[in-house]
Amino acid sequence: MKLKSPYLSARFDEIEAAFVKSEGWGTKTPELGAYLAGYLVVMVCGVFEDCIEYLVAQRADRTADNQLASFIKWSISRTFSNPDDGKIAGILAAFSPEYKAIYRERIPADGPVALALNSISSNKNDLAHGNLSKMNVTVSDVKDYFQRA
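1. Focus on the overall build of the protein chain
So, step 1. Scanning the protein chain from N- to C-terminus turns up 7 helices and 0 strands.
So, step 2. A globule of 149 residues ought to have a C-alpha radius of gyration of about 15 Å, and the protein chain, at 16 Å, matches this closely.
So, step 3. Expressed as a percentage of its 149 residues, the buried residues of the protein chain come to 38%.

2. Digging into the packing of aromatic side chains
So, step 1. Tallying each qualifying case throughout the model produces 7 aromatic pairs.
So, step 2. Each ring, one from Phe19 and one from Phe146, has its centre 5.7 Å from the other, and the planes form 45 degrees; the classification is tilted. Residue Phe19 is found in helix α1 (residues 6–26), and its partner Phe146 is found in helix α7 (residues 139–148); the two are separated by 127 residues along the sequence.
So, step 3. Taken together, the ring pairs connect Phe12, Phe19, Phe48 and Phe146 into an aromatic cluster.

3. Structural notes on the pattern of salt bridges
So, step 1. Per the stated rule, a full pass over the model turns up 6 salt bridges.
So, step 2. The partner of Arg11 in a salt bridge is Glu14, and the shortest N-O contact between them spans 3.2 Å. Of this pair, Arg11 and Glu14 both sit in helix α1, separated by 3 residues, roughly a single helical turn.
So, step 3. A relative accessible area of 18% means that Arg11 is categorised as buried.
So, step 4. The class for Glu14 is partly exposed, based on a relative accessible area of 38%.
So, step 5. Here Arg104 makes a salt bridge to Asp85, at a shortest N to O gap of 2.6 Å. Placement of Arg104 in helix α5 (residues 97–106) and of Asp85 in helix α4 (residues 85–95) is noted, with a sequence separation of 19 residues between them.
So, step 6. Of the residues examined, Arg104 reaches a relative accessible area of 24% and is grouped as partly exposed.
So, step 7. Salt bridges sharing partners connect three or more residues here, namely Arg11, Glu14 and Asp50.

4. A word on the environment of Arg106
So, step 1. With respect to the helices, strands and loops of the structure, Arg106 is situated in helix α5.
So, step 2. When the C-alpha atoms of Arg106 and Lys4 are compared, they prove to be 18 Å apart, with 102 residues separating the residues in sequence.

5. Quick notes on α4
What sets the pattern is the α-helix's 3.6 residues per turn: residues three or four places apart point alike.
So, step 1. When α4 is considered as a whole, its buried residues turn out to be Asp85, Ile88, Ala89 and Ile91. The buried residues of α4 occupy an angular sector of 160 degrees when projected down its axis, which confines them to one face.
So, step 2. The elements touched by buried residues of α4 are α2 (30–61), α3 (66–79), α5 and α6 (112–128).
So, step 3. The backbone nitrogen of Gly86 lies 3.2 Å from a side-chain oxygen of the residue at the head of α4, namely Asp84.

6. Some thoughts on the confidence of the model for the protein chain
So, step 1. The predicted model of the protein chain has a mean per-residue pLDDT of 92, with 99% of residues at 70 or higher.
So, step 2. The element-level mean pLDDT for the protein chain is lowest in α1, coming to 92, with α5 highest at 97.

Calculation notes
Residues numbered from 1 in each chain as written. Predicted model: local features only at pLDDT ≥ 70, side-chain atom pairs only at ≥ 80, totals over all residues. Heavy atoms only, no water. Helix = DSSP H or I, 4+ residues; strand = E, 2+ residues; numbered from the N terminus. Rg over C-alpha atoms; globule rule 2.2 N^0.38 Å. Buried < 20%, exposed > 50% of the residue type's maximum accessible area, 1.4 Å probe, protein only. Phe/Tyr/Trp six-rings, centres within 6.5 Å; stacked < 30°, edge-to-face > 60°. Salt bridge = Lys/Arg side-chain N within 4 Å of Asp/Glu carboxyl O. Arc of directions from axis to C-beta. Contact = heavy atoms within 4.5 Å. Polar contact = N/O pair within 3.5 Å; in protein donor to acceptor, adjacent residues only side chain to side chain. pLDDT = per-residue confidence, 0-100.

Printed below as a string of structure tokens:
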């Protein structure tokens, strides 16, 4: 995956490396594969959250107003979690309706990217809250969600 930001590229490389290991280990034992899929949805969700916060911080730094940038970084770190399509659109709308409109042009709410983001977040939340019966995801599924998102 080609990304302009070295930070995002490094974070996504961590995920790719985890997929390589998980695919090898998970094919040997289906139960282990299920546990690895759970780990991967948590990892992917966490990395997406971190990267979105990083991008918001980068945007805040462009203001050249240290106090405003500090406030934005503090706010995003405390209010933004479990990034799904709606939360990403909401953060962009908080900056400007135009940001949200651009996002929606590129990422329709019912399109494959939005659905992948929502699947990552919902599977992560199901695992985190012990709703294992709702969680029906494989390493391959998580990899597909990641690549689409």
